Amino acid sequence: MQTILRGKTSEVIIDTTGPVIIIGECINPTRRKKLVSTLQEANFEYLLELAESQIKAGADVLDVNVGFPGVDDVKLLPETVRVLQDNFDIPLCLDSPNPKAIEAALKVVQGKCLINSVNGEEVSISALLPLAREYGAAIIGLCMDDDGITNYPQKRVSIAEKIIERAVSMGIKPEDVVIDPLAMAVSADPQACLVTLETIRLIHSTLGHNVTMGASNISFGLPGRETLNSSFMALAICNGLSCPIANPEKIAAMIRATDLILGHDDFAVRFVDYFQSRQLQ
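About the cut-offs
In this numbering scheme, every chain counts its residues from 1 along its sequence in written order. Given that this is a predicted model, residues contribute local features only at a pLDDT of at least 70 and side-chain atom pairs are listed and counted only at 80 or more, while totals for whole chains, interfaces and linings are drawn from all residues. Side-chain figures throughout are based on the complete set of non-hydrogen atoms in the structure, without hydrogens or water. Relative accessibility under 20% of the residue-type maximum defines a buried residue, over 50% an exposed one, and the middle range a partly exposed one, all with a 1.4 Å probe and only protein chains included. A run of H or I in DSSP counts as a helix once it spans at least four residues, and a run of E counts as a strand once it spans at least two, with each numbered from the N terminus. Two strands pair under a simple rule: DSSP has to find at least two bridges between them. The handedness of a crossover follows from its direction of travel: if, with the strands pointing away from the viewer, the path from the first strand over the helix to the second runs clockwise, the crossover is right-handed. For Phe, Tyr and Trp, rings pair up if their centres lie within 6.5 Å, where Trp contributes its six-membered ring, and each pair is then called stacked (planes under 30 degrees apart), edge-to-face (over 60) or tilted (otherwise). Residue contacts are counted whenever heavy atoms from the two residues lie within 4.5 Å of one another. Comment: axis = line fitted to C-alpha atoms, over the contacting stretch for helices; angle = value between 0 and 180 degrees taken between N-to-C directions. When describing relative orientation, an angle under 35 degrees is termed roughly parallel and one over 145 degrees roughly antiparallel, while 65 to 115 degrees is termed roughly perpendicular and anything else oblique. Should the near helix be turned anticlockwise from the far one by less than a right angle, the crossing is termed left-handed; should it be turned clockwise, right-handed. Gly is placed with the polar residues, together with every amino acid not listed as nonpolar (Ala, Val, Leu, Ile, Met, Phe, Trp, Tyr, Cys and Pro) or charged (Asp, Glu, Lys and Arg). A helix is expected to span 1.5 Å for every residue after the first. Counted as a polar contact is a pair of N or O atoms within 3.5 Å, where, for protein atoms, one must be capable of donating a hydrogen and the other of accepting one, and residues adjacent in sequence contribute only when both atoms are in side chains.

A.B. asks: I keep staring at the pairing of strand 5 (residues 92-95) and nothing clicks. Help me out?
C.D. replies: The side chains of a regular strand alternate, first on one face of the sheet and then on the other. Residues Leu92 and Leu94 line one face of strand 5 and the alternating positions Cys93 and Asp95 line the opposite face, and both faces are buried. Bridge analysis of strand 4 (residues 61-64) against strand 5 gives three bridges, and the strand direction is parallel. Its bridge partner lying in strand 5, leucine 62 is registered against leucine 92. Taking the sense of rotation as the criterion, the β-α-β connection linking strand 4, helix 3 (residues 73-87) and strand 5 turns out right-handed. Two elements, strand 5 and strand 6 (residues 114-118), share three bridges in a ladder whose sense is parallel. Note on strand 6: the bridge partner recorded for aspartate 95 is asparagine 116. One crossover worth recording links strand 5 to the parallel strand 6 by way of helix 4 (residues 99-106), and it is right-handed.

Structural data, given as structure tokens:
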């Protein structure tokens, strides 16, 4: 199954048969105080630095999150989209819990973006699926609902099925629903990673949809986070993860290697190009 995203003129194809597409996570004020302070001043220089560094590191799509306490994201998110698209031709993933901010950004975005995200709660479905349909966007479906996050993989898959069914009934193409199985901290639950991996496997094998997730949650509270995140992501890719949301500077090399090992990189073209372009060995 192919999910196609577009920038102003560029196109990115997320394919369940690979290669892996990287959605850059770094435009997010949660972990960057400098981004908060500069955005508060309507200064987009640091934002553009983050975008450029991620693209150079291998990001295919940029996740755009401008949420912080006190922000008028209905105003700031579309402003940020304009600035990014004035400087870079790359598809965007609009990341906000505020449907009004998502709609404001959808009105100005060029190309076809990804919305992050809808979940199985009725209020979320009712607010966001009509926006995806109206503006022709793809959307991420989170495997959680009114009962919260379940520890049973099959239950997570049933939530994904519900989101897909509702989306299709509203006129959204099935390939435009990308599923997030949810990655939770393994320090809090020793089975958390296994649950997520099994959920990915089931989504890939039974639903056939593209799968995304942010992997950094799994290492919360533990040392060696980069090692743990990379190991988990490689296993997730083997089970069907097709477009992780992560820092490309941390994971791009691992992803190129995993794609090659899984037969998603004929004659090692992408793998060799990645290392030669960075003069790495």
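A.B. asks: Where do I start with the packing of aromatic side chains in this structure?
C.D. replies: Working definition: an aromatic ring pair is given by the centre-to-centre distance plus the angle between the planes. Counted under the stated rule, the structure contains two aromatic pairs. Where phenylalanine 271 meets phenylalanine 275, the ring centres are 4.9 Å apart and the plane angle is 50°; that geometry is what we call tilted. With phenylalanine 271 and phenylalanine 275 both in helix 10 (residues 269-277), this residue pair falls four residues apart, about one helical turn. In this structure phenylalanine 271 comes out as partly exposed when scored by relative accessible area, which is 24%. Looking at phenylalanine 275, the relative accessible area reads 18%, which means it is buried. Geometrically, the ring pair formed by tyrosine 274 and phenylalanine 275 is edge-to-face, given 5.2 Å between the ring centres and 85° between the ring planes. There is no split in this pair, since tyrosine 274 and phenylalanine 275 are both buried. By way of ring pairs, the aromatic residues Phe271, Tyr274 and Phe275 are connected into one cluster.

A.B. asks: I keep staring at the sheet that holds strand 5 and nothing clicks. Help me out?
C.D. replies: In a beta sheet, neighbouring strands are held together by backbone hydrogen bonds and run either parallel or antiparallel to one another. Read across the sheet, seven strands follow the order 8-7-6-5-4-3-9 without closing on themselves; strand pairing throughout is parallel. Each edge of the sheet is formed by a strand with only one pairing partner; in this case those strands are strand 8 (177-180) and strand 9 (245-246). Across the sheet, helix 3 lies against strand 3 (23-27), strand 4 and strand 5, angled at about 165° from strand 5, the strand it touches most. Strands strand 6 and strand 7 (138-142) of the sheet are contacted by helix 5 (residues 122-135), whose axis makes an angle of about 165° with strand 6.

A.B. asks: So what exactly am I meant to see when it comes to the packing of helix 6 (residues 153-169) against helix 7 (residues 192-207) here?
C.D. replies: Relative placement of two packed helices is described by the angle separating their axes and the distance separating the axes. The N-to-C vectors of helix 6 and helix 7 enclose an angle of 45°; their axes lie 9 Å apart at closest approach. The pairing of helix 6 with helix 7 is recorded here as oblique in orientation. Between helix 6 and helix 7 the crossing geometry is right-handed. Residues Pro153, Gln154, Arg156, Val157, Ala160, Glu161 and Ile164 of helix 6 lie in contact with helix 7, whose contacting residues are Val195, Thr196, Glu198, Thr199, Leu202, Ile203, Thr206 and Leu207. Split by residue class, the contact of helix 6 with helix 7 holds eight nonpolar, four polar and three charged.

A.B. asks: Would you explain the packing of helix 8 (residues 225-239) against helix 9 (residues 248-261) in this entry?
C.D. replies: Across the interface, helix 8 lies against helix 9 with an axial gap of 10 Å and an inter-helix angle of 35°. Remark: the crossing between helix 8 and helix 9 carries right-handed chirality. Of the residues in helix 9, those touching helix 8 at Glu226, Ser230, Met233, Ala234 and Ile237 are Lys250, Ile251, Met254, Ile255 and Thr258. Looking at the contact of helix 8 with helix 9, its residues break down into six nonpolar, two polar and two charged.

A.B. asks: Where do I start with the environment of serine 230 in this structure?
C.D. replies: Relative to the elements of secondary structure, serine 230 occurs in helix 8. On the accessibility criterion, serine 230 (18% relative accessible area) is buried. Taking the C-alpha atoms as reference points, serine 230 and alanine 253, 23 residues apart in sequence, are found 9.9 Å from one another. Beyond its immediate chain neighbours, meaning those up to four positions away, serine 230 contacts Lys250 and Met254.

A.B. asks: Explain helix 9 here, please?
C.D. replies: Spanning 14 residues, helix 9 covers 19 Å between terminal C-alpha atoms, matching the ideal 20 Å at 1.5 Å per step. Among all positions of helix 9, only Pro248, Ile251, Ala252, Met254, Ile255, Arg256, Thr258 and Asp259 are buried. Buried positions along helix 9 lie against strand 3, helix 2 (45-57), helix 8, strand 9 and helix 10. The N-capping residue of helix 9, defined by a side-chain oxygen 3.0 Å from the backbone nitrogen of glutamate 249, is asparagine 247. Glycine 263, located one to two residues past helix 9, shows a positive phi value of around 80°.

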